[in-house]
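Chain by chain, the residues:
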Amino acid sequence: MTRYEFLKSMGFTGAALMAALTSCVKPEDTYIPVAKLDVNSTTTPTTPVTPVTPTSDLSKITNPLLKIDLTTSNLKNVGAYIIQANIVVAQVSAGAYAAVTNLCSHEPKRKVIYDKNASQFYCTDHGATFDLKGVPLPNSITNRSITAYQVATDGKTLVVY
Ligand code: FES
């Protein structure tokens, strides 16, 4: 879809259309990727989830970024996510977790959340989508990954590092 077609479909006409077409135009802006969020999707994520293997010795992890008490956190249910210290942590399947920065790679905005229906990370600003390892999904508005972190748990505590 061209920028012209996109703006026309959004209802821009006349002077407003011309103003929008001539603002912030770069050579690489010929096409506008359309990010799509299918909140009813039941498809499995592009990147298979590797369940975190419980380990009994989290103390061997040096310099953890986060330590989350799973007995009291809001991560008890599959699909739940929290944001702490600008890191989005989600329980992506029973006992398996994924963690990424909430800083989008499209523009430097902290709008990344977890979309449990699509099992992917999602930026609420322009709709960029990322797999569970922070890699942009096909048709995402950006082609740059976001930082993903490793996670480990002993079943009571989740460590992000
Ligand atoms: S800032 Fe995230 S999609 Fe644009």
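Preceding this paragraph is the structure being described.
Residues numbered from 1 in each chain as written. Predicted model: local features only at pLDDT ≥ 70, side-chain atom pairs only at ≥ 80, totals over all residues.

Counting 24 residues, the largest nonpolar core has Val-88, Val-89, Tyr-97, Ala-98, Ala-99 and Val-100 as its most contacted members. When contributions to this core are tallied by element, the ones reaching two or more residues are β3 (87-93), β4 (96-101), β5 (112-115), β6 (120-123) and β10 (157-160). The dominant element in this core, judged by the number of residues it contributes, is β3, at 5 residues. (Core = buried A, V, L, I, M, F, W, Y, C linked by C-beta atoms within 7 Å. Buried ≥ 20, exposed ≤ 12 C-beta atoms within 10 Å, placed from the backbone. Helix = DSSP H or I, 4+ residues; strand = E, 2+ residues; numbered from the N terminus.)

One open sheet accounts for 3 strands, arranged β1-β10-β9; its pairing is antiparallel. Only two strands of the sheet have a single neighbouring strand rather than two, namely β1 (66-69) and β9 (151-153). Neighbouring strand axes in the sheet, compared pairwise and without regard to direction, differ in orientation by 20° on average. With 4 bridges connecting them, β1 and β10 associate as antiparallel partners. Note that in β10 the partner of Lys-67 across the bridge is Val-159. (Pairing = 2+ DSSP bridges. Axes fitted to C-alpha atoms, helices over the stretch in contact; angles between N-to-C directions.)

In this section: the sheet that holds strand β2 (residues 81-84). Read across the open sheet, the 4 strands follow the order β2-β3-β4-β8; overall the sheet is antiparallel. Of all the strands in the sheet, just β2 and β8 (148-149) have a single pairing partner and so form its edges. Note: β4 against β8, 2 bridges, orientation antiparallel. For Ala-99, the partnering residue across the bridge sits in β8 and is Tyr-149.

Once that is clear, we can look at the pairing of β6. Burial of the side chains of β6 extends over both faces: Gln-120 and Tyr-122 are buried on one face and Phe-121 and Cys-123 on the other. As defined by bridge partners, β5 adjoins β6 across 4 bridges and the pair is classed as antiparallel. Residue pairing across strands places Ile-113 opposite Tyr-122, the latter belonging to β6. In this structure, the hairpin formed by β5 and β6 is closed by a connection of 4 residues, where Ser-119 is found at a positive phi of approximately 50°. What sits between β6 and strand β7 (residues 129-130) in their antiparallel hairpin is a turn of 5 residues, with Gly-127 showing a positive phi close to 90°.

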